[in-house]
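What follows is the residue order along each chain.
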Amino acid sequence: APASTTAGAESPAAATGPGGLVSETAQLDGQPVKVDHSKFDAGQPQDLFDNNPKTLARTEKANPAIIEITFDAPKLVKSVSVTTGSMDIGLTARVTPDSGAEKVVTKEYRDLPADPTVDLEIDKAGIKAKKIAFEIKNLNGGDGHIHIRDIKFK
C-alpha cells in the first residue's frame, strides 16, 4: 500500500498505554484526536481517517483490533462506516457520550465482497461522543492481521 502523508500532522513517538494499546494522535475532519490502538505492523492512525481505502493500518497480532478515538470536543455521531480487508466482520462500537450512559452497539457482517465497507447505526438522533472505542473482529479467525482501510463518522 502506498504511504500516506498528512501536511501539518505530527505524530509523537508512540507510547504504550493501558491494556497494551499504543497511544498516538491523528487528524479527523481537521481536528486532532487521540487514537489508542492495537499495535500496527503496517500503516499509522492517520490512514484510518484519510478517506483513501488504498491506505490502511494493519494490526500485528490482534483479533479483535481495538481502536479507541478520543475527541478534543464532543463529536455528533449518528453512524459509522468502516472499510476493512476481506473478511467476515464483527463490529462493536462503545460510545462514551459527553453526558449520560455509555452506548454499546454490536453487529456481525458475513458473506461480504472483497475489502467491504460496512455501516453501523449508533443513534438515529445522534450522540455527542467524547470517545468511541471499536472492536473489529475477523469472525473467521485469521492470522491476527486486521486490515482497517477507513473509518468515517456520519
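Above this text sits the structure in question.
Everything in this summary refers to the structure shown in the same document. (Residues numbered from 1 in each chain as written. Predicted model: local features only at pLDDT ≥ 70, side-chain atom pairs only at ≥ 80, totals over all residues. Heavy atoms only, no water.)

Of regular secondary structure, the protein possesses zero helices and 12 strands. Overall, the protein shows an N-to-C arrangement of helices and strands of β-β-β-β-β-β-β-β-β-β-β-β. For the protein, contacts bridging at least 24 residues in sequence account for 68% of all contacts bridging at least 6. Accessible surface for the protein amounts to roughly 7,900 Å². Of this, 47% is attributable to carbon and sulfur atoms. (Helix = DSSP H or I, 4+ residues; strand = E, 2+ residues; numbered from the N terminus. Contact = heavy atoms within 4.5 Å. Areas by Shrake-Rupley, 256 points an atom, 1.4 Å probe, with all protein chains shown as cover.)

The subject of this paragraph is the sheet that holds strand β12 (residues 147–153). What holds strands together in a sheet is hydrogen bonding between their backbones, with the strands either parallel or antiparallel. Strand order in the open sheet formed by five strands is β4-β5-β12-β7-β10, with antiparallel pairing between adjacent strands. Of all the strands in the sheet, just β4 (40–42) and β10 (117–121) have a single pairing partner and so form its edges. Each neighbouring strand pair of the sheet contributes to a mean axis angle of 40°, computed without reference to strand direction. Sheet analysis places strand β7 (residues 79–84) next to β10, joined by five bridges and oriented antiparallel. What sits directly across from T83, in β10, is T117. (Pairing = 2+ DSSP bridges. Axes fitted to C-alpha atoms, helices over the stretch in contact; angles between N-to-C directions.)

Attention now goes to the nonpolar core. Residues F134, I136, I151 and F153 are the most contacted members of the largest nonpolar core, which totals 34 residues. Discounting residues that sit within four places of it in the chain, I151 has contacts with L48, F49, I67, V80, S81, V82 and F134. (Core = buried A, V, L, I, M, F, W, Y, C linked by side-chain atoms within 4.5 Å. Buried < 20%, exposed > 50% of the residue type's maximum accessible area, 1.4 Å probe, protein only.)

With that out of the way, let us pick up the pattern of salt bridges. Tallied over the full model, the rule gives 11 salt bridges. One salt bridge in this structure joins K103 and D123, with 3.4 Å as the shortest N-O distance. With a gap of 20 residues between them, K103 in strand β9 (residues 103–109) and D123 in the loop between β10 and β11 (127–138) connect regions that are remote in the sequence. (Salt bridge = Lys/Arg side-chain N within 4 Å of Asp/Glu carboxyl O.)

What follows deals with the pairing of β7. Summarising burial for β7: six of the six residues are buried, a large majority. Residues S79, S81 and T83 line one face of β7 and the alternating positions V80, V82 and T84 line the opposite face, and both faces are buried. Where β7 meets β12, five bridges bridge the pair, whose relative direction is antiparallel. Bridge pairing in β12 places V80 opposite F153.

The subject of this paragraph is the pairing of strand β6 (residues 65–77). When strand β3 (residues 31–37) meets β6, the two strands line up antiparallel, connected through five bridges. From the neighbouring strand, H37 faces β6, where its bridge partner is I67. Where β6 meets β11, nine bridges bridge the pair, whose relative direction is antiparallel. Each residue of the ladder has a partner; that of V77, found in β11, is I127.

This part takes up unusual backbone geometry. Between N63 and P64 the backbone carries a cis peptide bond, its omega angle lying at 15°. Position of P64 relative to the elements: it lies in the loop between β5 (57–59) and β6. Unlike most non-glycine residues, D29 shows phi in positive territory, near 55°. With respect to the helices and strands, D29 occurs in the loop between β2 (22–28) and β3. Relative accessible area serves as the criterion here: at 59%, D29 is assigned to the exposed category. Phi angles above zero are rare outside glycine, and N51 is one such case at about 55°. Structurally, N51 can be placed in the loop between β4 and β5.

Spatial relationships are all this shows, so hold off on functional conclusions.
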